[in-house]
Amino acid sequence: MQDLSPSLFPAHFQPKLNIELWGLLPASNFSLKSSAAWVMTLLFSLIFAICTGPVLLESLSRVRLVGGPHRCEGRVEVELRGHWGTVCDDDWDIQDVAVVCRELGCGAANGTPSGVLYEPSTEKEQKTLIQDVNCSGMEDTLLQCKHSEDVFDCGHDEDAAALCEIPESVRLAGGLGRCKGRVEVKHQGKWGTVCNAGWSLSAAKVVCRQLGCGKARLTQRGCNKATQGQGTIWLSQVSCSGQEVNLQDCPSGQWGKNNCTHDEDTWVECEDPFDLRLVGGDIRCSGRLEVLHRGVWGSVCDDGWGEMEDRVVCKQLGCGESLSPSVKARRSFGPGVGHIWLDDVHCSGKEQSLEQCQHRFWGYHNCNHKEDVAVICSEQ
């Protein structure tokens, strides 16, 4: 760096640094050279503060979703001053959910369910920490949104919840159906395989649970030539306890750093998760439709539901033909409770299982239980 000594300047231009204006130290204590050094130090300090400031602020703003089937759905809880608490649902809307989804690294916002749907229920001593949340939808964290910490008249029956899409990060490829195949993970926007070194049935359990399939029933250390993957082998030495929510939560070797070949690709088979039943009627072939997903029964929304969908349900249950009941007859079975698992179901009538029909992602809907599907079949 060039020496900024007084000799470098003409006599009529001797720059002075008026530190006195900053209220720090009298200017007489500084030579030009020491002043320049002091300014550089101050400048670097300011740059560091600006760069790290958002990180420090972000560490003070935390949010989580509790009680849902995955990390991107559940009752909203925030941490303020070292304590976790709930959010009042006054004025809670999809823009607020969008910010929560972004902060958690989840997908798009898909709903604003009630927090009372999620178990375990909020403990009585847990406080509601914020209310009147008003986000534009563009904030990075929930606590950046306008909100009030002066909470009043808001019990836990008004806890806010959020429903976000699950970012796809693991899949089973090359098998029949989505619950059987070669284990692949997505990293840096690219799919790659998982080496069987260190793999166990515990890891397979995590994969099956993450995909919403049934129990893990088979894991093979290696694929045949027809089912081997291509391209990058992302992971090896994956070591799961079996309790993790996502495969990426398990300890593993460094991404993309291994000595494996595709002869060592991992293969997993999970049980088929799908089942259905008709409840609320006097016989098994009539009632409100419920489907089983992730081990939990839930209802089906009637958006787009019609004769072809009725036909598939009756066929799958072995209950003969659909009687195409009236709206009044369908409503006689009453509304369900808990999860609404399926919405916008569309069948051709030729499917053997309702799961083979087109539908939205599991758990994504814009319905309430007044719209639950009910079916009446001809058999008893």
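Let me sum up the structure you'll find in this document. (Residues numbered from 1 in each chain as written. Predicted model: local features only at pLDDT ≥ 70, side-chain atom pairs only at ≥ 80, totals over all residues. Heavy atoms only, no water.)

## Things to note about the overall build of the protein
Going by this rule: Helical segments are the DSSP runs of H or I of at least four residues, strand segments are the runs of E of at least two, and each set is numbered from the N terminus. Each residue gets one of three labels from its accessible area relative to the maximum for its type: buried under 20%, exposed over 50%, partly exposed in between, using a 1.4 Å probe on protein chains only. Residue exposure ignores everything except the shown protein chains as possible cover, and the areas themselves are Shrake-Rupley values with a 1.4 Å probe.
Along its length, the protein carries five helices and 18 strands. Taking all 380 residues of the protein together, 43% fall into the buried category. With an accessible surface of roughly 20,500 Å², the protein has 53% of that area assigned to carbon and sulfur atoms.

## Notes on the pattern of salt bridges
Applied cut-off: Salt-bridge detection follows one rule: a side-chain nitrogen of Lys or Arg within 4 Å of a carboxyl oxygen of Asp or Glu.
Under the counting rule described, the total for this entry stands at 15 salt bridges. Within the structure, one salt-bridge network assembled from shared partners comprises R64, R75 and E77.

## Overview of the pairing of strand β15 (residues 286-293)
Condition: Paired strands, in this sense, are two strands between which DSSP finds at least two bridges.
Of all eight residues in β15, eight are buried, a share of seventy percent or more. Bridge count for strand β14 (residues 275-279) against β15 is five bridges, and the pairing is antiparallel. The residue of β15 that forms the bridge with V279 is R288. In sequence, β14 turns back onto β15 through a hairpin of six residues, with G280 there showing a positive phi of about 95 degrees.

## With respect to the state of the cysteines
Selection rule: Throughout, a disulfide means two cysteine sulfur atoms within 2.5 Å of one another.
Overall, the coordinates contain twelve disulfides when judged by the stated rule. There is a disulfide in this structure between C88 and C154, and the S-S distance comes to 1.9 Å. Sign of the S-S torsion, about 95 degrees for the bond between C88 and C154, identifies this disulfide as right-handed. Of the two residues, C88 sits in the loop between β3 (83-87) and α2 (94-103) while C154 sits in the loop between β6 (146-148) and β7 (161-164), which places them 66 residues apart along the sequence. Judged by relative accessible area, which is 13%, C154 ranks as buried. In this model C208 forms its disulfide with C270; the gap between the sulfur atoms is 2.0 Å. Linking C208 and C270, the disulfide has an S-S dihedral of approximately -85 degrees and is accordingly described as left-handed. Here C208 is found in helix α3 (residues 201-210), whereas its partner C270 is found in strand β13 (residues 266-270), with 62 residues between them in sequence. Exposure class is identical for C208 and C270. Each is buried.

## Things to note about the environment of V268
Checked against the element boundaries, V268 lands in strand β13. For V268, a relative accessible area of 0% gives the class buried. Distance in space between the C-alpha atoms of V268 and C208 is 8.3 Å, their sequence separation being 60 residues.

## As for the pairing of strand β1 (residues 62-67)
Relative to strand β2 (residues 73-80), β1 runs antiparallel, the two sharing six bridges. From the neighbouring strand, L65 faces β2, where its bridge partner is V76. Linkage of β1 to β2, two consecutive antiparallel strands, is achieved through a turn of five residues.

## Some thoughts on helix α4 (residues 307-317)
Note the following rule: Any two residues whose heavy atoms approach within 4.5 Å at even a single point are treated as in contact.
Every buried residue belonging to α4 is among E309, D310, V312, V313, C314 and L317, and all of these are buried. Close packing links the buried residues of α4 with β14, β15, α5 (327-331) and β18 (374-376). Just downstream of α4, G318 is the residue with a positive phi angle, here 70 degrees.

## What to know about the layout of surface pockets
Let me state the cut-off plainly: Cavity means a closed set of points on a 1 Å grid over the protein atoms alone, one where a 1.4 Å probe fits but cannot get out, pocket means an open set with protein on both sides within 12 Å along at least 5 of 7 lines, and lining means a residue has an atom within 4 Å of a point. Grid points are joined across faces, edges and corners, and a volume is the space filled by probe spheres set on the points.
The space that makes up the largest pocket amounts to roughly 700 Å³. As for the largest pocket, its lining consists of 27 residues, of which I166, R178, L211, F361 and W362 are closest to the centre. Tallying contributions element by element places strand β8 (residues 170-174) first for the lining of the largest pocket, with three residues.

## Remarks on the side chain of S236
With respect to the helices and strands, S236 occurs in the loop between β12 (233-235) and β13. When its relative accessible area of 7% is taken as the criterion, S236 is described as buried. The contact partners of S236, leaving out residues within four places of it in the chain, are C195, A197, S252, G253, K257, N258 and C260.

## Considering the packing of aromatic side chains
Threshold: In this analysis, rings of Phe, Tyr and Trp, with Trp reduced to its six-membered ring, are considered paired at centre separations within 6.5 Å, and the interplanar angle assigns stacked below 30 degrees, edge-to-face beyond 60, and tilted for intermediate values. Working rule: Lys NZ or Arg CZ, within 6 Å of ring centre, within 35 degrees of ring normal, means a charge sits over the ring.
Going through the model one piece at a time under the given rule, you end up with three aromatic pairs. On the numbers, 6.1 Å between centres and 70 degrees between planes, the contact of W234 with W255 is edge-to-face. Of this pair, W234 sits in strand β12 while W255 sits in the loop between β12 and β13, placing them 21 residues apart in sequence. Overall, the relative accessible area of 9% leaves W234 in the buried class. Plain terms: the ring middles of F361 and Y364 are 5.9 Å apart, the flat faces sit at 85 degrees to each other, and that makes the pair edge-to-face. Overall, the relative accessible area of 60% leaves F361 in the exposed class. The ring of W84 carries the charged tip of R64 above its face, separated from the ring centre by 3.9 Å. Note that R171 overlies the ring of W191, its terminal NZ or CZ placed 4.1 Å from the centroid.

## Some words on unusual backbone geometry
A negative phi holds for most residues other than glycine; trans holds for most peptide bonds. The backbone of R81 sits at a positive phi, close to 50 degrees, despite the residue not being glycine. By the element assignment, R81 lies in the loop between β2 and β3. Backbone geometry places D344, a non-glycine residue, at a positive phi of 55 degrees. In this structure, D344 sits in the loop between β17 (340-342) and β18. Classification of D344 as partly exposed rests on a relative accessible area of 27%.

That's the geometry; what it means functionally is another story.
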